[in-house]
Amino acid sequence: MSDTKAKLALGGESYEFDVHSGTLGPDVIDISSLYASTGAFTYDPGFTSTASCESDITFIDGEKGVLLHRGYPIDQLAEKGSFLETCYLLLYGELPNKSQMDDFEHRVTHHTMVHEQMNRFFTGFRRDAHPMAIMCGVIGAMSAFYHDSTDISDPRQRMIASLRMIAKMPTIAAMAYKYHVGQPFVYPKNDLSYSANFLRMCFAVPCEEYAVNPVLARAMDRIFILHADHEQNASTSTVRLAGSSGANPFACIAAGIACLWGPAHGGANEAALNMLSEIGSVDQIPEYIDRAKDKNDPFRLMGFGHRVYKNYDPRAKIMQKTCHEVLGELGITDDPLLDVAMELEKIALTDEYFVEKKLYPNIDFYSGITLKALGFPTTMFTVLFALARTVGWIAQWKEMIEDPRQKIGRPRQLYTGAPQRDYVPMDKR
Ligand code: SDX
């Protein structure tokens, strides 16, 4: 129930709207009756000041650089937990006890195989197709296979579809990679952990045994935790909007993957590594800093800036630490890209342009160097982001579907086009 009101004066009239307070973060002004009361819309391109929903899942404090999942700080989950444990937390709202964790892990593990006929989808793509293009196609096609879990009104089918998505994403992502590099698909192994299984499906080959490095598997698992969910970002909002029409969960996740691909969003990890490679050496950095500040130059420092974080992205700090761990484990002591990244960060964090605009490294700044060291090509970076974010998309989709107030999302517009006019015959134009 609202305890305060917001007043609006418009066209000589005065209006009042309820103000709601959450557990944490800014209050919201409930304007759902604004158009009916005033005949006017709000106008907020990019939704910089708009709360699209009520949610219990993730909280971000952009000023303080805080990220909580169901109240637990991301650094504690990343340091002390596992990705599947974070999946359980995001889906069910509480950390699992031992028996709940064992049951969840068993259910996910025993859904990791895909229908054998799905292999044929891949042969329709060119070998040099971008793996994200393959992911958009194959995940969307899952609704053509799993008819028994597309009735979103059935809670049991919703949970089966959720488990299938979380369980099969690593298998499909690994298949997209194997197809891209021309190697045979590798089946999942049920005696491996979620992240170890993924690394093996990506890097094992039939002609020799593949032993997963536990340090790298732990690093992969932590990277998945860091990417799991992030409030109402562009791709999550896409999944929610697609789901609001009643579309099946596989189609909604495919829509989220398509949105994540953009370089301003999840595609930034690939773009950030390409940027570091383009800069090439520390002495080239000033030129690129100048370009990033030049209004007439479309160049931006990829992996820098964030719509919400106006402080250091807490995930970026953990990613930087993981980057050093992975490079150390692999004996990579002189990665020129890391030298460029560290120097670029140091310069940018003291440059008045970046300081004034509160532009800090985000999660994508160090992830590329880490993923490259793990053996992934840059074209796979956003696929890994999508793999991890699937649980966040699913948790947010599930929350929306189960909200009794949920209705189809249908924004309006400010129309600035031609007024009504009559058709002009061709010979009169
Ligand atoms: C992700 O939303 C999420 O939560 C996303 C994400 C998640 O987990 O889901 O965190 C994942 O997408 C991280 C962001 C990855 N993107 C990049 O690293 C691409 C580079 N960053 C920018 O494109 C930009 O910072 C955005 C898109 C991330 C945020 O853009 P906003 O909020 O719309 O901010 P803006 O573009 O209005 O920028 C504000 C100002 C502008 O200058 P002015 O017009 O005010 O003079 O800062 C400048 C921008 O020109 N600016 C940059 C910059 N980012 C913003 N200048 C140089 N380099 C940059 N990277």
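Residues numbered from 1 in each chain as written. Predicted model: local features only at pLDDT ≥ 70, side-chain atom pairs only at ≥ 80, totals over all residues. Heavy atoms only, no water.

Quick look at the pairing of strand E1 (residues 4-10)
Pairing between E1 and strand E2 (residues 13-20): seven bridges, direction antiparallel. Following the sheet pairing, threonine 4 is matched in E2 by valine 19. Counted between consecutive antiparallel strands, the loop separating E1 from E2 contains two residues, among which glycine 11 sits at a positive phi close to 55°. (Pairing = 2+ DSSP bridges. Helix = DSSP H or I, 4+ residues; strand = E, 2+ residues; numbered from the N terminus.)

A short note on the nonpolar core
Formed by 120 residues in total, the largest nonpolar core has its most connected members in Ile139, Phe198, Met220, Leu301 and Phe376. For this core, the element with the highest residue contribution is helix H18 (residues 381-401), accounting for 14 residues. In this structure methionine 220 touches Ser195, Phe198, Leu199, Leu371, Leu374, Phe376 and Leu384, once residues within four positions along its chain are discounted. (Core = buried A, V, L, I, M, F, W, Y, C linked by side-chain atoms within 4.5 Å. Buried < 20%, exposed > 50% of the residue type's maximum accessible area, 1.4 Å probe, protein only. Contact = heavy atoms within 4.5 Å.)

Things to note about unusual backbone geometry
Residue glutamate 231 is not a glycine yet carries a positive backbone phi of 60°. In this structure, glutamate 231 sits in the loop between helix H9 (214-226) and helix H10 (234-244). In the Ramachandran plot, lysine 358 falls in the positive-phi region, its phi being about 55° despite a non-glycine side chain. In this structure, lysine 358 sits in the loop between helix H16 (352-356) and helix H17 (364-374). Take lysine 358: its relative accessible area is 36%, and that puts it in the partly exposed class.

Let's talk about the environment of histidine 106
Mapped onto the fold, histidine 106 is located in helix H4 (residues 98-109). We classify histidine 106 as partly exposed; its relative accessible area is 48%. Along the primary structure histidine 106 and lysine 293 are separated by 187 residues, whereas in three dimensions their C-alpha atoms are 51 Å apart.

Brief notes about the site of the ligand
For the ligand, the set of nearby residues contains 24 residues, the closest of which are His230, His306, Arg307, Arg315 and Arg389. Between the ligand and glycine 303 there is a distance of 2.8 Å, counted from an oxygen atom to a backbone nitrogen or oxygen. One of the side-chain nitrogen or oxygen atoms of histidine 306 is found 2.6 Å away from an oxygen atom of the ligand. Along the lines of polarity and charge, the residues of the shell around the ligand split into ten nonpolar, seven polar and seven charged. (Near = heavy atom within 4 Å. Polar contact = N/O pair within 3.5 Å; in protein donor to acceptor, adjacent residues only side chain to side chain. Nonpolar A, V, L, I, M, F, W, Y, C, P; charged D, E, K, R; others polar.)

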